[in-house]
Amino acid sequence: MANVPFVRGKIVWWYTIPQILLIFLLIWGFSQFAEEGMDVLYAFIAYWAILYLLRWLIATDHRKGIAALKKNHYEQALAYFKKSVSYFERNAWIDKYRFITLFSSSRMGYREMGLCNEAFTLSQMGRGAEAKELYKKILSEYPDNGIAIAALKMMEAI
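The sections below set out a description of the structure shown in this document. (Residues numbered from 1 in each chain as written. Predicted model: local features only at pLDDT ≥ 70, side-chain atom pairs only at ≥ 80, totals over all residues. Heavy atoms only, no water.)

In terms of regular secondary structure, the chain is built from nine helices and zero strands. Secondary structure of the chain in N-to-C order comes out as α-α-α-α-α-α-α-α-α. Seen through its C-alpha atoms, the chain measures out along the principal axes to roughly 60 × 30 × 30 Å. Taking all 158 residues of the chain together, 44% fall into the buried category. In the chain, 58% of the contacts between residues at least 6 apart in sequence involve partners at least 24 apart. Of the roughly 9,400 Å² that the chain leaves accessible, carbon and sulfur atoms contribute 63%. Here the chain contributes 19 positively and 14 negatively charged side chains, and the mean placements of these two sets differ by 4 Å. (Helix = DSSP H or I, 4+ residues; strand = E, 2+ residues; numbered from the N terminus. Buried < 20%, exposed > 50% of the residue type's maximum accessible area, 1.4 Å probe, protein only. Contact = heavy atoms within 4.5 Å. Areas by Shrake-Rupley, 256 points an atom, 1.4 Å probe, with all protein chains shown as cover. Lys, Arg positive; Asp, Glu negative; His and termini not counted. Charge placed at Lys NZ, Arg CZ, Asp CG, Glu CD.)

Here it is in structure tokens:
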């Protein structure tokens, strides 16, 4: 497995509120019929099942892109990241409300992460000019994107 710096994003702490509420709701629900002490365990198991199911179903291409990138399968990773970006462009509401739809507390949306991962993958494939243009596009849409800022500075320095 390659040690590549793919993008995951920083956390927005208030995005965790729906997740915490769900956990308490699950604990309450399981406390209605589970034996005492097991309600918390069942609630956390259910929470993790829901979390992974949502991410597995909705963010499939993003996840597959990261897996391909870790294996240095750049062509495959690029195709997955493009599909992921396209999906989140067509379904912008899922990304906008990702703290509910995906239980993601990341500050950076999946579309933005996908674009950054796409640009990084292009740079790893030796397609620096395309990567540079994509980083510029990212900055035009997300002016505070530190990854794009750092990548462009590094590319300019080379």
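What follows continues from the structure just given.
Moving on to the packing of aromatic side chains. Throughout the structure, instances matching the rule amount to seven aromatic pairs. Between Tyr47 and Phe103, the aromatic rings sit 6.0 Å apart at their centres with planes inclined by 35°, giving tilted as the arrangement. One end of the pair, Tyr47, is in helix H2 (residues 38–58); the other, Phe103, is in the loop between helix H6 (98–101) and helix H7 (110–124), and 56 residues separate them in sequence. Measuring from ring centre to ring centre gives 5.2 Å for Phe88 and Tyr110, while their planes differ by 25°; the resulting arrangement is stacked. Taken together, the positions of Phe88 in helix H4 (residues 74–90) and Tyr110 in helix H7 put the pair 22 residues apart, joining distant regions of the chain. The burial state of Phe88 is the same as that of Tyr110; both residues are buried. (Phe/Tyr/Trp six-rings, centres within 6.5 Å; stacked < 30°, edge-to-face > 60°.)

It is worth spelling out the pattern of salt bridges at this point. Counted according to the given criterion, the structure contains eight salt bridges. Across the pair Asp95 and Arg98 runs a salt bridge, and its minimum N-O distance is 3.9 Å. Among the charged side chains, a salt-bridge network with shared partners connects Glu89, Arg111 and Glu141. (Salt bridge = Lys/Arg side-chain N within 4 Å of Asp/Glu carboxyl O.)

With that settled, consider the packing of H7 against helix H8 (residues 128–141). Contact pair H7 / H8: the axes reach a minimum separation of 7 Å and the direction vectors enclose 160°. As summarised for this structure, H7 and H8 are arranged roughly antiparallel, according to the angle between their axes. For the pair H7 and H8, the crossing hand works out as left-handed. Contacts from Arg111, Leu115, Cys116, Glu118, Ala119, Phe120, Leu122 and Ser123 in H7 reach Gly128, Glu130, Ala131, Leu134, Tyr135, Lys137, Ile138 and Glu141 in H8. (Axes fitted to C-alpha atoms, helices over the stretch in contact; angles between N-to-C directions. Parallel < 35°, antiparallel > 145°, perpendicular 65-115°, else oblique. Left-handed = near helix turned anticlockwise from the far one by under 90°.)

With 21 residues, H2 extends 30 Å between its outermost C-alpha atoms, agreeing within 8% with the 30 Å of an ideal straight helix rising 1.5 Å per residue. Looking at H2, one finds that the buried residues are Asp39, Ala43, Ala46, Tyr47 and Leu51. Around the axis of H2, the buried residues are gathered within 135° of arc, so they sit on the same side. Along H2, exposed side chains directed more than 90 degrees from the buried face belong to Tyr52 and Trp56. Each element contacted by the buried residues of H2 is listed here: helix H1 (17–31). (Expected span 1.5 Å × (residues − 1). Arc of directions from axis to C-beta.)

Right, let's get into a nonpolar patch on the surface. There is a patch of nonpolar side chains on the surface, built from Val40, Phe44, Trp48 and Tyr52 and spanning about 410 Å² of accessible area. Position of Tyr52 relative to the elements: it lies in helix H2. On the basis of relative accessible area, Tyr52 is assigned to the exposed category, the value being 53%. (Patch = residues over 30% accessible without salt bridge, like charges linked within 9 Å, V, L, I, M, F, W, Y side chains within 5 Å.)

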